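# Reading the structure
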Amino acid sequence: ESEGAPFSIAGQIDDHGISLAMEGMTLGEWTDANVPTRLRETFRQLGLQGRVGKTTFAFANSGEVQATMELSGMSLNLPVDTQPEEDRDGNKIPLPPEQVGRQLRMQDVRGTLSYTDGFISGDFTGNLEELPYHVRMTYGGTSAIAPFTLELTCSGFELRKNPQIM
């Protein structure tokens, strides 16, 4: 059991490979050692925390691996470091020390993360620095330097006094 809720796993083995479905998993209990080797660096970078919905894995005899994870109220890092602003002449304005290397962190994330054929994709909503966002992202591989696309859409927000984003 995990946080008072049951953990379940079901699967099958056939001529094509192995498939598994898990429910009731909390990622706080996982380290990168619990993740396939080729996904460990990405797992560390994402900093996933919270309870996961249904997670499916398929391991084909050909070596292909597929995985999909339902996110339901989780927290995660987006693969973007804080960037300095520029003055009118194009000179970078130094970041405060606490902002250097800081990644954007989303809270209350709901949606899916998937791994297929060496690519990672995500389609989810959540709060980023107090603002609601819809995010679509793709990694073109699993290394720390893999190319990625990140689409952020913000709508339906209310600007409050002293927001974190400003």
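Anything mentioned here points back to the structure above.
In this text, all values refer to a predicted model and were calculated from it rather than measured experimentally. (Residues numbered from 1 in each chain as written. Predicted model: local features only at pLDDT ≥ 70, side-chain atom pairs only at ≥ 80, totals over all residues. Heavy atoms only, no water.)

## Digging into empty space enclosed by the protein
- Here the structure, examined in full by the defined rule, presents one cavity of 30 Å³ or more.
- By volume, the largest cavity amounts to about 290 Å³.
- Every residue lining the largest cavity is counted, 18 residues in all, and those nearest its centre are Leu-39, Phe-43, Ala-67, Met-69 and Tyr-115.
- Listed by contribution, the elements that provide at least two residues to the lining of the largest cavity are helix H1 (40-46), strand S4 (51-60), strand S5 (65-81) and strand S6 (103-116). (1 Å grid on protein atoms, 1.4 Å probe; cavity = no way out; pocket = protein on both sides within 12 Å on 5 of 7 lines; lining within 4 Å. Points joined across faces, edges and corners; volume = space filled by probe spheres on them. Helix = DSSP H or I, 4+ residues; strand = E, 2+ residues; numbered from the N terminus.)

## What to know about a nonpolar patch on the surface
- Together, Ile-13, Ile-18 and Phe-59 give the surface a local cluster of nonpolar side chains, amounting to about 280 Å² of exposed area.
- Inspection of the secondary structure puts Phe-59 in strand S4. (Patch = residues over 30% accessible without salt bridge, like charges linked within 9 Å, V, L, I, M, F, W, Y side chains within 5 Å. Areas by Shrake-Rupley, 256 points an atom, 1.4 Å probe, with all protein chains shown as cover. Salt bridge = Lys/Arg side-chain N within 4 Å of Asp/Glu carboxyl O.)

## Focus: unusual backbone geometry
- One non-glycine residue, Asp-108, lies in positive phi territory at about 50 degrees.
- The exposure class assigned to Asp-108 is partly exposed, which follows from its relative accessible area of 37%. (Buried < 20%, exposed > 50% of the residue type's maximum accessible area, 1.4 Å probe, protein only.)

## Points about the side chain of Thr-55
- Inspection of the secondary structure assignment puts Thr-55 in strand S4.
- Classification of Thr-55 by relative accessible area gives buried; the value is 1%.

## Description of the nonpolar core
- One finds Leu-27, Leu-48, Leu-71, Leu-78, Met-106 and Phe-124 to be the most contacted residues of the largest nonpolar core, which totals 30 residues.
- Those elements giving two or more residues to this core turn out to be H1, S4, S5, S6, strand S7 (119-128) and strand S8 (131-139).
- The element best represented in this core is S5, accounting for seven residues.
- Dropping the residues within four chain positions of it, Leu-71 is found in contact with Leu-76, Val-109, Arg-110, Gly-111, Thr-112, Leu-113 and Phe-124. (Core = buried A, V, L, I, M, F, W, Y, C linked by side-chain atoms within 4.5 Å. Contact = heavy atoms within 4.5 Å.)

## Points about the packing of aromatic side chains
- Evaluation of the coordinates by the stated rule reveals two aromatic pairs.
- Their ring planes at 10 degrees and their centres at 6.1 Å tell us that Phe-57 and Phe-59 sit as a pair that is stacked.
- With 6.1 Å between their ring centres and 45 degrees between their planes, Tyr-139 and Phe-148 make a pair best called tilted.
- For Tyr-139, a relative accessible area of 3% puts it in the buried group. (Phe/Tyr/Trp six-rings, centres within 6.5 Å; stacked < 30°, edge-to-face > 60°.)

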